[in-house]
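Listed below, chain by chain, are the residues.
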Amino acid sequence: DAGVIQSPRHEVTEMGQEVTLRCKPISGHDYLFWYRQTMMRGLELLIYFNNNVPIDDSGMPEDRFSAKMPNASFSTLKIQPSEPRDSAVYFCASSSLRAGAYPNNEQFFGPGTRLTVL
Amino acid sequence: KQEVTQIPAALSVPEGENLVLNCSFTDSAIYNLQWFRQDPGKGLTSLLLIQSSQREQTSGRLNASLDKSSGRSTLYIAASQPGDSATYLCAVIEGSQGNLIFGKGTKLSVKP
């Protein structure tokens, strides 16, 4: 498996523009997580899905942020409108609880998307 | 609210030295604990996962221990090498399907 795939790897945009980040989890994983990393706050959960259903979105900072998972192999995180304080690295991770298939719910991370909002 | 703390924030050692990185968490009711490595500008690489029923896990020169009752975990790196230089992150999961709660990391520098 290629691991968790994220695109784009880098995104530079201007304040007010819409930004869409994409993630493809590891095949067979039934949990998908979106995290954000900043120097000030470290790594924080934004939202996670189980079997394509959002379970906990309490970490989504504002209504400007939205996430979808239309199928088991694809998820998007959208920011509209973007602001300079959204500049960060956004990570997607996936895991599976199925005993015997993988270590129990070990999370595997993608390479991240570095977002800069000017 | 669960809080994860890693001490020290930065560590510099000469090559070949054995070292210990520390992680503490405030609520001992964790499901498991995971150690990661992060290289500058890169993603997170999972190093070791310790389930709550386990005391330690080993992978090559790495050994991670877990003491749930005291809310502590350590990552032991034997015979450190310059290639071990990175930031090491500790994270806990409180439920079987929950998210990871991360510490701020320890930035390790191994000097040749």
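Quick note: structure is the one above.
A short tour of the structure in this document, coming up.

## Some details on the overall build of chain A
In step 1: Counting secondary structure elements, chain A contains zero helices and eleven strands.
In step 2: For chain A, the sequential pattern of α-helices and β-strands runs β-β-β-β-β-β-β-β-β-β-β.
In step 3: Rg of the C-alpha trace for chain A: 14 Å, near the compact-globule value of 13 Å for 118 residues, within the 12% margin.
In step 4: Burial statistics for chain A: of 118 residues in total, 47% are counted as buried.
In step 5: A separation of at least 24 residues holds for 55% of the contacts in chain A among residues at least 6 apart in sequence.
In step 6: Summed over all atoms, the accessible surface of chain A reaches about 5,700 Å², with 51% contributed by carbon and sulfur.
In step 7: In chain A, 11 side chains carry a positive charge and 13 a negative one; their mean positions are 4 Å apart.

## Observations regarding the state of the cysteines
Residues and elements named next belong to chain A.
In step 1: Under the criterion given, the structure shown has two disulfides over all chains.
In step 2: Put simply, Cys23 and Cys92 are joined by a disulfide, and their sulfur atoms are 1.8 Å apart. Around the S-S axis, the bridge from Cys23 to Cys92 shows a dihedral of about -65 degrees and counts as left-handed. In this pair, Cys23 sits in strand 3 (residues 19-24) while Cys92 sits in strand 9 (residues 88-95), placing the two residues 69 residues apart along the sequence. The residues Cys23 and Cys92 share a single accessibility class, namely buried.

## Looking at unusual backbone geometry
Residues and elements named next belong to chain A.
In step 1: Cis geometry is adopted by the peptide bond preceding Pro8, which originates at Ser7 and carries an omega value of -10 degrees.
In step 2: Note that Pro8 resides in the loop between strand 1 (5-7) and strand 2 (10-13).
In step 3: The omega torsion of the bond from Gln80 to Pro81 falls at -5 degrees, within 30 degrees of zero and hence cis.
In step 4: You can see Pro81 is positioned in the loop between strand 8 (74-79) and strand 9.

## Some details on the nonpolar core
In step 1: Counting 22 residues, the largest nonpolar core has Phe25(B), Leu33(B), Trp35(B), Leu75(B), Ile77(B), Tyr88(B) and Leu108(B) as the members making the most contacts within it.
In step 2: When contributions to this core are tallied by element, the ones reaching two or more residues are strand 3 (19-25), strand 4 (32-38), strand 5 (44-51), strand 7 (62-67), strand 8 (72-77), strand 9 (86-93) and strand 11 (106-111) of chain B.
In step 3: For Leu33(B), the residues in contact, after removing those within four places along its chain, are Cys23(B), Phe25(B), Leu48(B), Leu49(B), Ile50(B), Leu66(B), Ser73(B), Cys90(B), Ala91(B) and Val92(B).
In step 4: Formed by 21 residues, the second largest nonpolar core is a distinct cluster that contains Cys23(A), Ile47(A), Tyr90(A) and Cys92(A).

## Topic: the pattern of salt bridges
All names here are of chain A.
In step 1: A full pass over the atoms with the stated rule returns nine salt bridges over all chains.
In step 2: We note a salt bridge from Arg64 to Glu62, for which the minimum N-O separation is 2.8 Å.
In step 3: Taking relative accessible area as the criterion, Glu62 reaches 26% and is therefore assigned partly exposed.
In step 4: Among the charged side chains, a network of salt bridges with common partners joins Glu62, Arg64, Glu83, Arg85 and Asp86.

Cut-offs used in this document
- Residues numbered from 1 in each chain as written.
- Chains lettered and ligands numbered in written order.
- Predicted model: local features only at pLDDT ≥ 70, side-chain atom pairs only at ≥ 80, totals over all residues.
- Heavy atoms only, no water.
- Helix = DSSP H or I, 4+ residues; strand = E, 2+ residues; numbered from the N terminus.
- Rg over C-alpha atoms; globule rule 2.2 N^0.38 Å.
- Buried < 20%, exposed > 50% of the residue type's maximum accessible area, 1.4 Å probe, protein only.
- Contact = heavy atoms within 4.5 Å.
- Areas by Shrake-Rupley, 256 points an atom, 1.4 Å probe, with all protein chains shown as cover.
- Lys, Arg positive; Asp, Glu negative; His and termini not counted.
- Charge placed at Lys NZ, Arg CZ, Asp CG, Glu CD.
- Disulfide = S-S within 2.5 Å.
- Core = buried A, V, L, I, M, F, W, Y, C linked by side-chain atoms within 4.5 Å.
- Salt bridge = Lys/Arg side-chain N within 4 Å of Asp/Glu carboxyl O.

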